[in-house]
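Commentary on secondary and tertiary structure
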Amino acid sequence: MIKYQTEFEGYIKDNGAGPYDKVAASVKSYVSSLNSVSKYLGITISVKVLGSESDMDELCERLTLLGKVSEKNIKHYRTAMQQYVNMMNGV
């Protein structure tokens, strides 16, 4: 589960994810990535657990230690988490 999911979707639509991304695909992909992090770790994505770079590092470390997620997927998840952190910090 993602707290502020609607706001996150709007943030991605407004800011995009990169110069070559298709916005609709990015929104769906980023939401899916955050939902995967939530599911694997049994957490709700919120500013309490994902509000900073260090939180992002900790979640990626937990995913790695879990041993169920490939490094490639963790990189994708990290990108989505970075966008969430940016939104929460007004970047």
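Heads up: the structure comes first, above all this text.
Below: a short report on this structure. (Residues numbered from 1 in each chain as written. Predicted model: local features only at pLDDT ≥ 70, side-chain atom pairs only at ≥ 80, totals over all residues. Heavy atoms only, no water.)

It is worth spelling out the overall build of the protein chain at this point. What the protein chain contains, in helices and strands, is four helices and zero strands. Secondary structure elements in the protein chain, listed N-terminal to C-terminal, are α-α-α-α. Among the 91 residues that make up the protein chain, the fraction classed as buried is 38%. Expressed as a percentage of contacts within the protein chain between residues at least 6 apart in sequence, the contacts between residues at least 24 apart total 59%. (Helix = DSSP H or I, 4+ residues; strand = E, 2+ residues; numbered from the N terminus. Buried < 20%, exposed > 50% of the residue type's maximum accessible area, 1.4 Å probe, protein only. Contact = heavy atoms within 4.5 Å.)

Moving on: helix 4 (residues 71-88). Between its first and last C-alpha, helix 4 extends 25 Å over 18 residues, near the 26 Å set by a 1.5 Å rise per residue. Turning to helix 4, its buried residues number three or more, namely Ile74, Tyr77, Ala80, Met81, Gln83, Tyr84, Val85, Asn86 and Met87. Following helix 4 by one or two positions, Gly90 adopts a phi angle in the positive range, close to 70°. (Expected span 1.5 Å × (residues − 1).)

Take the side chain of Ser46 next. Among the secondary structure elements, Ser46 is positioned in the loop between helix 2 (23-41) and helix 3 (53-66). Classification of Ser46 by relative accessible area gives buried; the value is 12%.

Let us now look at the environment of Ser46. In this structure the C-alpha to C-alpha distance between Ser46 and Ile2, which are 44 residues apart in sequence, comes to 6.5 Å. Ignoring sequence-local partners within four residues, the contact set of Ser46 consists of Lys3, Gly51 and Tyr84.

Residue Tyr4 is not a glycine yet carries a positive backbone phi of 70°. Inspection of the secondary structure assignment puts Tyr4 in the segment before helix 1 (5-15). Taking the relative accessible area as the measure of exposure, Tyr4 reaches 39% and is therefore partly exposed.

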